[in-house]
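Structural description and commentary
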Amino acid sequence: MTAFQALARKWRPRSFSELVGQEHVVRALRNALESGRLHHAYLFTGTRGVGKTTIARILAKCFNCETGLTAEPCGTCAACRDIDGGRFPDMLEVDAATNTKVEEMRELLDNAQYMPVSGRYKVYIIDEVHMLSRSAFNSMLKTLEEPPEHVKFILATTDPQKVPVTVLSRCLQFGLRPMPRELIADRLAHILGEEGIPFEAPALALLAQAAQGSMRDSLSLLDQAVAFGGGRVRAAEVGDMLGTVERQALLGVLQALARQEGGALMRLAQEMAERGLSFDRALQELAVMLHDLALMRAVPGQEVVEDQAALAALAPCWDDPTLQLLYQIAVQSRKDLPLAPDEGAGFRMALLRMLAFQPGTAPSFPAAERSPRADPKAEAPAAAAPAPAQRGEPPADSRPRGVPPSFDDWPGMVQRLSGAGMAHELARHSEMVRYADGALHLLVDAEHRHLLPYKEKLRTALEAMLDADLRLAIDVGPATGQSLAAVEGKENAERQRHAEASIKNDPFVREVTESLGGKLVESTIKPGNGQDQGEHR
Ligand SMILES: Nc1ncnc2c1ncn2[C@@H]1O[C@H](COP(=O)(O)OP(=O)(O)OP(=O)(O)O)[C@@H](O)[C@H]1O
Ligand SMILES: [Mg+2]
Ligand SMILES: [Zn+2]
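The rules behind the values
The residue numbering used here restarts from 1 in each chain and proceeds along that chain's sequence as written. Working convention: letters from A go to chains and numbers from 1 go to ligands, in the order in which they are written. Two thresholds apply to this predicted model, a pLDDT of at least 70 for residue-level local features and 80 or more for giving and counting side-chain atom pairs, whereas whole-chain, interface and lining totals are computed over all residues. To get the side-chain values, take all heavy atoms of the structure and skip hydrogens and water. Counting rule for disulfides: a pair of cysteine sulfur atoms within 2.5 Å. Exposure classes here rest on a 1.4 Å probe applied to the protein chains alone. A residue is buried below 20% of its type maximum, exposed above 50%, and partly exposed in between. By definition, any uninterrupted DSSP run of H or I lasting at least four residues is a helix, any uninterrupted run of E lasting at least two residues is a strand, and each is numbered from the N terminus. Helix span is expected to be 1.5 Å times the residue number reduced by one. Here, residues are in contact when the closest pair of their heavy atoms is within 4.5 Å. A pairing counts as a salt bridge when a side-chain nitrogen of Lys or Arg comes within 4 Å of a carboxyl oxygen of Asp or Glu. Note that water is not among the atoms considered, so a metal site may appear incomplete; the donors listed are N, O and S atoms within 2.8 Å of the metal, with 3.2 Å applied to Na, K and Ca. Angle rules define the geometry names used: all angles between 85 and 135 degrees makes four donors tetrahedral, while opposite donors over 155 degrees apart and all other angles between 65 and 115 make four donors square planar and six octahedral, leaving every other case irregular. We call two strands paired when DSSP finds no fewer than two bridges between them. Lines fitted to the C-alpha atoms define the axes, with helices restricted to the stretch that makes contact. Angles between their N-to-C directions range from 0 to 180 degrees. Stacked, tilted and edge-to-face pairs are distinguished by plane angle, under 30 degrees for stacked and over 60 for edge-to-face with tilted covering the rest, among Phe, Tyr and Trp rings (Trp via its six-membered ring) whose centres lie within 6.5 Å. Distance and chemistry together define a polar contact, namely a pair of N or O atoms within 3.5 Å, with one atom able to donate a hydrogen and the other to accept it when in protein, and with adjacent residues in sequence counting only for side-chain atoms on both sides. Residue proximity to a molecule or strand is established when one non-hydrogen atom of the residue lies within 4 Å of it. In this description, accessible areas are obtained by the Shrake-Rupley approach with a 1.4 Å probe, and a residue is regarded as covered only by the protein chains that are shown. Polar here means any residue other than Ala, Val, Leu, Ile, Met, Phe, Trp, Tyr, Cys and Pro, which are nonpolar, and Asp, Glu, Lys and Arg, which are charged; Gly is therefore polar. Residue ranges assigned to the domains are those given by an automatic or database domain assignment. For our purposes a nonpolar core is just a set of buried Ala, Val, Leu, Ile, Met, Phe, Trp, Tyr and Cys residues, chained together by side-chain atoms within 4.5 Å. With the strands pointing away from the viewer, any crossover whose connection runs clockwise from the first strand over the helix to the second is right-handed.

**Structural notes on the state of the cysteines**
This model, assessed by the stated rule, comprises zero disulfides. With no disulfide of its own, Cys62 lies closest to Cys80 among cysteine sulfurs, the gap being 8.3 Å. Residue classification places Cys62 among the buried positions, given a relative accessible area of 0%.

Structure (structure tokens):
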């Protein structure tokens, strides 16, 4: 049985001609090699999985191939084979991420003065060089300044900004580029062809997009796709494979957002980056989920396509205007993505914006196992919700059975009416006219007459809450401002003014707003409760 070998390792290019993309680097290196003008230190920079280590090893062969210094190492001589096999005595590969200590660096460099054992040059490949400690850098610097003739340094890093300029200035620097999607897809097609694995071309396009410019990530995803598809690569299955991972990650993102856990949010974004998920797709999917959430709140009982239960549990966490805003941020950030320093940064900023712009959010998130309510809105910790002290009260009045209920504080009673969905909306817009002999008379203004079909539902909800039989009549007529909605409207208008003023003056919000293109949607500013009033989160 042959051991499983990851495609990324198996298909590491062994010559410049096998390498995909990075022509600008290859051309410069070829020229230098062919003209014999060699530098003693090279630095390759670029994001993960774009060929830094690969090029470093090819270059080591160019230096040491037994056919002579060449841009086309033979690949068959002992030196080429030993370098490919990682056992060439004159090639030292150091992973600076794990060998950051100055002693190790010094020991390594002390060896540099001795002549190579079997090759032409001693080649030091120092990967992730930005991870070296300052003192390790310093001890390297001496050798970099006056390197022995027989020594070549090849440094690689994903983060050149962290490499001291003194080191940078002594290296010939090459910036590797992220892999274009088409090149990745072509490479995957080539590899699958060689491996005899059947595939659908659109599946490779999906993988290439998800890989975010990293050839290694595309190959890891391809490994998964082959396993997932049982030896073939189909578009639908790849879509599923990428999609399910992403949906789960995004549900986590929404939950962290609801709990206002910035740390968890950033961790999730990091995990998504490590799994090579596409941030463009993630923002798109996030917008879909926010849309579904808004829909569930607007139309209680609305079925959505995916993750019904998980989304239903989340629906109470935001009020409608906040959801609108979060949706806008997702859509807008997607447009901004090409302008972001990199997609990961663009995605993180989007999440931080969402975190900053949750003015109407309650600090608590319902336990994940809680069964979804029939109507999420009834539990919505919106700004208009009752004060915290009232929120935890049991819905039933503590009135002994048989004693007729009192409707004197009708707005207060409506506040306590929960789990009634649109019936609750009807109650919110209704005024109490009179109550006599078990019959409650309400008045709703013409603007809200569309809520009348929920009358029977409201009656049942009131009966349940009061634990008493009730008849209910609702007239349509001119309102006098006594409904809960009207009372809250008046209070909110005042608090809204206050909230808008303070949110606009908040320096952090101002900065974020400017990066959003100067658009703060004022109707989405929601004053918080009590002492939180006017705070933006
Ligand atoms: N330009 C490329 N052409 C073909 N394959 C590539 C290329 N770049 C990367 N790969 C594939 O990805 C794998 C990893 O590449 P490599 O180790 O060179 O990446 P790297 O840039 O050093 O990444 P890291 O920063 O993660 O170390 C290779 O084994 C190879 O299969
Ligand atoms: Mg590498
Ligand atoms: Zn050779």
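**Considering helix H3 (residues 52–64)**
Here H3 is 13 residues long and its end C-alpha atoms lie 19 Å apart, about the 18 Å a rise of 1.5 Å per residue gives. The element H3 is largely enclosed, with a buried count of 12 among its 13 residues. Along its buried surface, H3 packs onto helix H2 (23–35), strand S1 (41–45), helix H4 (78–84), strand S2 (91–95), strand S3 (122–127) and strand S4 (151–157).

**A word on the pattern of salt bridges**
Enumeration over the complete set of coordinates arrives at 17 salt bridges. With a shortest N-O distance of 3.4 Å, Arg234 and Glu237 are connected by a salt bridge. Among the charged side chains, a salt-bridge network with shared partners connects Arg14, Lys61 and Asp84.

**Section: the coordination of the zinc ion (ligand 3)**
In the first shell of the zinc ion (ligand 3), the protein supplies Cys65 (SG), Cys74 (SG), Cys77 (SG) and Cys80 (SG), at 2.2 to 2.4 Å from the metal. Here the zinc ion (ligand 3) binds four donor atoms, and the angle range of 101 to 119° at the metal identifies the geometry as tetrahedral. Each donor residue of the zinc ion (ligand 3) lies on one chain, and together they are spaced C-x8-C-x2-C-x2-C.

**What about the sheet that holds S3?**
The parallel open sheet is built from five strands, whose spatial order is S2-S3-S4-S1-S5. With one partner strand each, in any of the chains shown, S2 and strand S5 (172–175) form the two edges of the open sheet. Each strand of the sheet is rotated relative to its neighbour by a mean of 15°, with strand direction disregarded. Pairing of S3 with S4, which is carried by five bridges, proceeds in the parallel orientation. When the sheet's bridge partners are listed, Ile125 is paired in S4 with Ile154.

**Section: unusual backbone geometry**
Of note, Gln212 is a non-glycine position whose phi angle comes to about 55°, a positive value. Looking at the element boundaries, Gln212 is found in the loop between helix H9 (201–210) and helix H10 (215–228). Given the relative accessible area of 25%, Gln212 is considered partly exposed. Even without glycine at this site, Asp437 takes up a positive phi of about 50°. Looking at the secondary structure, you find Asp437 in the loop between strand S6 (430–436) and strand S7 (439–444).

**Section: the packing of aromatic side chains**
Remark: the centre distance and the inter-plane angle together describe each pair of aromatic rings, the angle taken between the planes. Scanning the model with the defined rule gives eight aromatic pairs in all. Between Tyr42 and Phe63, the ring centres sit 6.0 Å apart and the planes meet at 45°, which makes this aromatic pair tilted. Pair noted here: Tyr42 is in strand S1 and Phe63 is in helix H3, with a separation of 21 residues, a long-range link. Phe63 sits in the buried class, given a relative accessible area of 0%.

**A short note on the environment of Gly239**
Within the secondary structure layout, Gly239 lies in helix H11 (residues 235–258). Spatially, the C-alpha atom of Gly239 lies 7.5 Å from that of Ala203, the residues being 36 residues apart in sequence. In this structure, Gly239 is in contact with Leu206 and Arg281, ignoring residues within four places of it in sequence.

**Details of the side chain of Glu488**
Structurally, the position occupied by Glu488 is in helix H21 (residues 484–505). Its relative accessible area of 7% is what places Glu488 among the buried residues. At a separation of 2.7 Å, a polar atom in the side chain of Glu488 contacts the side chain of Arg428.

**Some details on the sheet that holds S6**
Read across the sheet, three strands follow the order S6-S7-S8 without closing on themselves; strand pairing throughout is mixed. The sheet is open, and its two edges are formed by S6 and strand S8 (471–476), each paired on a single side. Taking each pair of neighbouring strands and ignoring which way they run, the sheet shows an average axis angle of 20°. With six bridges joining them, S7 and S8 adopt parallel strand pairing. Of the residues in S8, the one forming a bridge with Leu443 is Asp475. In the packing of helix H20 (residues 455–466) onto the sheet, the strands contacted are S7 and S8, and the crossing angle to S8 comes to about 140°.

**Observations concerning the site of ligand 1**
Around ligand 1 sit 20 residues in total, of which Ala8, Gly49, Lys52, Thr53 and Thr54 are the nearest. One of the backbone N or O atoms of Ala8 is found 2.6 Å from an oxygen atom in ligand 1. A distance of 2.7 Å is found between an oxygen atom of ligand 1 and a backbone nitrogen or oxygen belonging to Gly49. Taking 620 Å² as the accessible area of ligand 1 by itself, protein coverage stands at 95%. Grouping the constituent residues of the shell around ligand 1 by class yields nine nonpolar, five polar and six charged. Two domains each provide a minimum of three residues to the shell around ligand 1, namely domain 1 (7–175) and domain 2 (181–233).

**Description of the nonpolar core**
Ranked by internal contacts, the top residues of the largest apolar core, which has 43 residues, are Leu254 and Trp318. Elements that contribute at least two residues to this core include exactly H11, helix H12 (262–274), helix H13 (279–298), helix H14 (308–314), helix H15 (320–336) and helix H16 (343–356). Sorting elements by how many residues they give to this core places H13 first, with nine residues. Those residues in contact with Leu254 that lie beyond four places of it in its chain are Leu286, Met289, Leu290, Leu293, Leu311, Leu314 and Trp318. Listed in part, the 30 residues of the second largest apolar core include Tyr42, Val50, Phe88 and Tyr121.

**Quick notes on the pairing of S7**
Counting buried positions along S7 gives five out of six residues, so the element sits mostly inside the fold. Pairing of S6 with S7 involves six bridges; the strand directions are antiparallel. Looking at S7, one finds that Tyr435 is bridged to Leu440. Counting the residues that bridge the hairpin from S6 to S7 gives two residues, and of these Asp437 lies at a positive phi of roughly 50°. For the crossover that starts at S7, traverses H20 and ends in the parallel S8, the hand is right-handed.

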